[in-house]
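Survey of secondary and tertiary structure
For reference, the chains in residue letters:
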Amino acid sequence: MDWDKIVQLLVNGMTLGSVYALVALGFSMIYGILKLLNLAHGDVLMVGAFIGWGIISWLGGAQDPSVAVWLLIVLMLLGAMVGCGFLGVAIERFAYRPLRRAPRIAPLISALGVSFFLQNSVLLLFGADYRSYETFDLVDVEVGISWGPLNIWIIRIVVIASAFAMMAGLWLLVTRTKLGKAMRATAFDREAAAMMGIDVDRVIVKTFFIGSALAGAAGILVGLVFGSINHFMGFSYGLKGFTAAVVGGIGSIPGAMFGGLFIGLSEAFSVGYIEDLTRGRLGSAFSDLVVFLILIVFMIVRPQGIFGKPEVKKV
Amino acid sequence: MSKGLIAASLGLLAAAVLVTSALARSEAAATPAQIAACTNVSLGFVGPLTGPVAFLGQEQISWLRFGVQKYNKANKTRFKVAGGDTQLKAPVARTVARRFVADRKIMAIIGPSESQAVRVGGNLYEKAGLAAISGSATATDLTKGRPYTTFFRVVPNDAIQGPQVVAFVAGNLGAKNVVVIDSQDDYSIPLASGISRGLRARNVTVSRESVSVDDTDFSSIVANVGNNVNVVVFATQNATSANTLSNQLREQGKKAIVFGTDGAYSPAQFKPRNGYVSVFAPDLHFDRKARALIREYNRYSKNRTFGSFGPATYMAGLAAMNAIARACADGTATRSEVTRLVRSTNIPSIFGGTLRFSKKGDPLPTKFVLYKITNGTYSPVG
């Protein structure tokens, strides 16, 4: 057993999983409240990544930033979260709210339209080139924890820690605050919540703000840890985030967290071991096969996901 | 339904079929030997202007436009450039090829930039008698056996790159254990396979890995790279990916260095602490004789960072314009005439010597250039 490799894959999987979990949380929150698959969610992540790139470039670039590195990262996170939060609110207001009473296929198509609109807007504004955060210049990759087989770059630690902090913050918000209670009530029964005096529209807007802010933060974390961003990156992260949400149980917050980490670790370990397990028949290129196979298996065997509850309909 | 309505519908259908077939026939008949008025001629650029390797296409079209402007000024011609974006996708490249074949003003294709775009468009250009001169398509099979008789390239092919990389990695670097990574496309898979075969033939232990062209995280691939691996050869068209890979190797404490193939050549994007890269044409920045040309280009373009992709495409443009100008000596020209004259190209090259084509359409004589990268700074090897 190659423990060095296992530990390293664990770290890689946790990093990827943290990002997927943040995306899955947004998917789950919005689905929980509106029963809508926000297919543009991955593209909100992409916009967040570009906001971060704008901030890092504006503050002198990675090679010579005009502020301390920690402050730069905080500013990038804040900028992307606020920017994407408002973007989410705008998407809800103009693309989904007018279709709230339409058949369920209509907002789904609208979501696809928003996705293409965001991709092409960023293409128009920033061009098609891959943009680099140049994080490797900002913080050298050798700075971090190096203990036995364990090598963790400090930026990975920042990414995993911030993702967990945000997940914990969201958990507290949903379980301990008035807004969280209103969100849970709206998700349970929108009409009954309205009759109880909850301003459902406001709750929906706030849910979109929070979900999109988390996607924006995920965009920054991707840019920081992997260096490069592009205008179509949202598709892949959106798809994997959605898979994570389904595996965890769409609509469930702990489910989204678990699903994200599960998919991240599955991806990392399949890259690491798929060749050995299939005796060379399949290579690392097939890691996505494993991820989406998990999705298919869950859709067939346990469609409600690990933390979800089966939907019971009164007849 | 009334009989009249059925008859009318059938009549309309028949008319539509007749019109469509007539249009198709007129397009087919018009394409093989179009006669162009030499006062309104365009070069059709076919390359990835958007998508994951947009930097490559943008650099190429910028140098092509620069070359056209310079040529027009010197020769009082009025060549224009029409851009065709392949997005690095073969089906899109075929659509672009159809569009350019049908455009009467286009007398030569500059590109396609990518080998897969040649494979899907090469026969269309051939049927139309349209010369396609690529500044970067290096796959060996594009000229082996001459599958596309109107295809030419100004850069050497992978049959030269592969053995050169093998000789350098096994010989000069003395590597005993190598990982070869492809990026799951028509360019990198044959190249990576050829390099792997060559290295194994020299008793080097080789492991193969594969990543998607859109991937930005290679940390789990890096976990598969053993501590005894000396070199990771990365056949990629994406220089930022090569940069991320080299940094993630260092992050995980791996001693292996990255050797990037020609797609990774970008001093602005691929900046490892230690590494190598091969490229099909010398970087003009290292050539004193090219300083005036670089200054002129920098005045022309806002994008001052360039590698070898742009200048090679500049040469492809010059070859095309030279052939069209010769064909136009009597005031008119056909595409076939231009193609015939491209074959006999013999013009001074900005890389030194002259540009000539072999019977297969490859440049004569030529080889890949290797660069060593130390702390992000490039220097020619040998």
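Residues numbered from 1 in each chain as written. Chains lettered and ligands numbered in written order. Predicted model: local features only at pLDDT ≥ 70, side-chain atom pairs only at ≥ 80, totals over all residues.

**What about the interface of chain B and chain A?**
Let me state the cut-off plainly: The contact rule is simple: place each C-beta atom from the backbone, and if two of them lie within 7 Å, those residues are in contact. Think of it this way: any DSSP run of H or I at least four residues long counts as a helix, any run of E at least two long counts as a strand, and we number them from the N terminus.
With 25 residues of chain B in contact, the opposing surface of chain A contributes 27 residues. Those elements that provide at least two residues to the side of chain B that touches chain A are α2 (54-75), β8 (205-210), α7 (219-223) and α8 (239-251) of chain B. Sorting elements by how many residues they give to the side of chain B that touches chain A places α8 of chain B first, with 5 residues.

**Quick word on the environment of A90 of chain A**
Among the secondary structure elements, A90 of chain A is positioned in helix α3 (residues 69-96). Each C-alpha atom of the pair A90 of chain A and F136 of chain A lies 34 Å from the other, and the pair is 46 residues apart in sequence.

**Notes on the pairing of strand β5 (residues 131-134) of chain B**
Residue and element names in this part refer to chain B. Applied cut-off: Three classes are used. A residue is buried when 20 or more other C-beta atoms lie within 10 Å of its own, exposed when 12 or fewer do, and partly exposed in between, with C-beta atoms placed from the backbone. Only strands that DSSP links by at least two bridges are regarded as paired with each other. Note on handedness: a clockwise path from strand one over the helix to strand two, with the strands aimed away from the viewer, defines a right-handed crossover.
The two faces of β5 match: A131 and I133 on one face and A132 and S134 on the other face are all buried. As paired strands, strand β4 (residues 106-110) and β5 are joined by 3 bridges and run parallel to one another. Among the inter-strand pairings, A108 is bridged to a residue of β5, identified as A131. Note on the crossover from β4 through helix α4 (residues 115-127) to β5: the handedness is right-handed.

**A look at the packing of helix α11 (residues 253-277) of chain A against helix α12 (residues 287-301) of chain A**
For any two helices packed against each other, one specifies the crossing angle of their axes together with the interaxial distance. Residues and elements named next belong to chain A. Under the convention used in this document: To obtain each axis, a line is fitted to C-alpha atoms, and for helices this fit is confined to the stretch in contact; angles are then taken between N-to-C directions over 0 to 180 degrees. Angle categories: roughly parallel below 35 degrees, roughly antiparallel above 145, roughly perpendicular from 65 to 115, and oblique for all the rest. Note on convention: the crossing is left-handed when the near helix lies turned anticlockwise from the far helix by less than a right angle, right-handed when the turn is clockwise. Nonpolar residues are Ala, Val, Leu, Ile, Met, Phe, Trp, Tyr, Cys and Pro. Charged residues are Asp, Glu, Lys and Arg, and all others, Gly as well, are polar.
For the pair α11 and α12, interaxial distance at closest approach is 8 Å and the crossing angle is 140°. In terms of orientation, α11 lies oblique with respect to α12. Between α11 and α12 lies a crossing whose hand is right-handed. Taking contact as the criterion, the partners of I263, S266, E267, S270, V271 and I274 in α11 are, on α12, S287, V290, V291 and I294. Taken together, the residues of the contact of α11 with α12 sort by class into 6 nonpolar, 3 polar and 1 charged.

**A few points about the domain arrangement of chain B**
All names here are of chain B. Stated formally: Note that domain bounds follow an automatic or database assignment of domains.
Along its sequence, chain B is carved into domain 1 (15-156 + 289-355) and domain 2 (158-279). The distance between the C-alpha centroids of domain 1 and domain 2 comes to 31 Å. Every contact between the two is made by 15 residues of domain 1 and, on the other side, 18 residues of domain 2. Sorting the residues of the side of domain 1 that touches domain 2 by element identifies α2 and α4 as the ones contributing at least two each. If one sorts the elements of the side of domain 1 that touches domain 2 by residue count, α4 sits on top with 3 residues. Its residues assigned to classes, the side of domain 1 that touches domain 2 shows 6 nonpolar, 7 polar and 2 charged.

**A short note on the nonpolar core**
Quick note on the threshold: Note on terminology: a nonpolar core is a set of buried residues of type Ala, Val, Leu, Ile, Met, Phe, Trp, Tyr or Cys, with members joined through C-beta atoms within 7 Å.
With 206 residues, the main nonpolar core has V232 and A320 of chain B as its most contacted residues. When residues in this core are grouped by element, the largest group, 17 residues, is from helix α1 (residues 3-34) of chain A. Counting contributing residues, this core receives three or more from each of domain 1 (15-156 + 289-355) and domain 2 (158-279) of chain B. When near neighbours in sequence (up to four residues on either side) are disregarded, V232 of chain B contacts V179, I181, V225, L245, L249, A256 and V258 of chain B.

**Quick word on the sheet that holds strand β15 (residues 363-364) of chain B**
Residue and element names in this part refer to chain B. Spatially, β13-β14-β15 is the arrangement adopted by the 3 strands of the open sheet, whose pairing is antiparallel. Each of the sheet's edge strands pairs with one partner strand only, and the pair in question is β13 (347-348) and β15. Looking at chain direction, β13 and strand β14 (residues 354-357) are connected through 2 bridges and run antiparallel. Across the sheet, P348 pairs through a bridge with T354, a residue of β14.

**Re helix α4 (residues 105-126) of chain A**
All names here are of chain A. Where we set the bar: For a helix, the expected span equals 1.5 Å multiplied by the number of residues minus one.
Between the first and last C-alpha of α4 there are 32 Å, a value that for 22 residues agrees with the 32 Å anticipated at 1.5 Å per step. The complete set of buried residues in α4 reads P107, S110, A111, V114, S115, L118, Q119 and V122. In this structure, the buried side of α4 is in contact with α2 (41-58) and α3. Of the residues one or two after α4, G127 is the one with positive phi, at around 80°.

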